[in-house]
Amino acid sequence: MALLSTWAAVLGLIGMAVAARAFVAILFNAVPALFEPTMIVVGLAGVGLTVGAFVTVHDRRLPWLLLGAATVALAVVLGLAILVV
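Residues numbered from 1 in each chain as written. Predicted model: local features only at pLDDT ≥ 70, side-chain atom pairs only at ≥ 80, totals over all residues. Heavy atoms only, no water.

A word on the overall build of the protein chain
Here's step 1: Along the protein chain, the regular secondary structure elements total three helices and zero strands.
Here's step 2: Each helix and strand of the protein chain, ordered N terminal to C terminal, gives the series α-α-α.
Here's step 3: Seen through its principal axes, the protein chain has C-alpha atoms that stretch 45 × 20 × 15 Å.
Here's step 4: Residue burial in the protein chain is summarised as follows: out of 85 residues, 26% are buried.
Here's step 5: Considering only contacts in the protein chain between residues 6 or more positions apart, those separated by 24 or more positions represent 72%.
Here's step 6: For the protein chain, the computed accessible surface area is about 5500 Å², with 78% contributed by carbon and sulfur atoms. (Helix = DSSP H or I, 4+ residues; strand = E, 2+ residues; numbered from the N terminus. Buried < 20%, exposed > 50% of the residue type's maximum accessible area, 1.4 Å probe, protein only. Contact = heavy atoms within 4.5 Å. Areas by Shrake-Rupley, 256 points an atom, 1.4 Å probe, with all protein chains shown as cover.)

Here it is, written out as C-alpha cells:
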C-alpha cells in the first residue's frame, strides 16, 4: 500500500508540473487548437486511472496495472507539453 501511494504521489506531482506548464502555454495562446482538449482528456483519464487504482486496492494485480496505465497517460501528456510548447 505504501508503494502504491508513493507511485500515485509521484504521478500527482509530475502531473501538476506538466499542468502548470500547459496552463501557461494556453494562457499565452502559444499552442495549437487541439492542444487544450487533448491535454484535458488525457489528463483526466490519468487521474481516473489513479483513482481506480485506489478503489481496487484489495485486488492483487489490478491497482498496479491501473497505475501503469496512468503512467502511460502522464507520459503522453508530458510528451505533448514538451513537443508542442
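Now that the structure is up, let's keep going.
A short note on the environment of Val76
Here's step 1: By secondary structure assignment, the location of Val76 is in helix α3 (residues 62-84).
Here's step 2: The spatial distance from the C-alpha of Val76 to the C-alpha of Val42 is 7.7 Å, given a sequence separation of 34 residues.

Section: the environment of Ala75
Here's step 1: Assignment of secondary structure puts Ala75 in helix α3.
Here's step 2: For Ala75, a relative accessible area of 48% corresponds to the partly exposed category.

Considerations on the packing of helix α1 (residues 2-27) against α3
Here's step 1: Between α1 and α3, the shortest axis-to-axis distance is 10 Å and the interhelical angle comes to 20°. By the criterion of interaxial angle, the relationship of α1 to α3 is roughly parallel. With respect to the hand of their crossing, α1 and α3 are arranged in left-handed fashion. Where α1 abuts α3, its residues Leu3, Leu4, Trp7, Ala8, Leu11, Ile14, Gly15, Val18 and Arg21 lie against Pro63, Trp64, Leu67, Gly68, Ala70, Thr71, Leu74, Val77, Leu78, Ala81 and Ile82. (Axes fitted to C-alpha atoms, helices over the stretch in contact; angles between N-to-C directions. Parallel < 35°, antiparallel > 145°, perpendicular 65-115°, else oblique. Left-handed = near helix turned anticlockwise from the far one by under 90°.)

Observations regarding the environment of Leu49
Here's step 1: Looking at where Leu49 falls in the secondary structure, it is placed in helix α2 (residues 35-55).
Here's step 2: What Leu49 contacts, discounting residues up to four positions off in sequence, is Leu66, Ala69 and Ala70.

Let's talk about unusual backbone geometry
Here's step 1: Phi at Asn29 is positive, roughly 55°, even though this residue is not glycine.
Here's step 2: Looking at where Asn29 falls in the secondary structure, it is placed in the loop between α1 and α2.

Describing the packing of α2 against α3
Here's step 1: Interhelical geometry of α2 versus α3 gives an angle of 160° and a closest axis separation of 8 Å. Relative to α3, α2 is oriented roughly antiparallel. Handedness of the α2/α3 crossing: left-handed. Of α3, the residues touching α2 (which contributes Phe35, Thr38, Met39, Val42, Gly43, Gly46, Leu49, Thr50, Gly52 and Ala53) are Pro63, Leu66, Leu67, Ala69, Ala70, Ala73, Val76, Val77, Leu80, Ala81 and Val84.
Here's step 2: Counted by class, the contact of α2 with α3 contains 16 nonpolar, five polar and no charged residues. (Nonpolar A, V, L, I, M, F, W, Y, C, P; charged D, E, K, R; others polar.)

In short, geometric facts, not functional conclusions.
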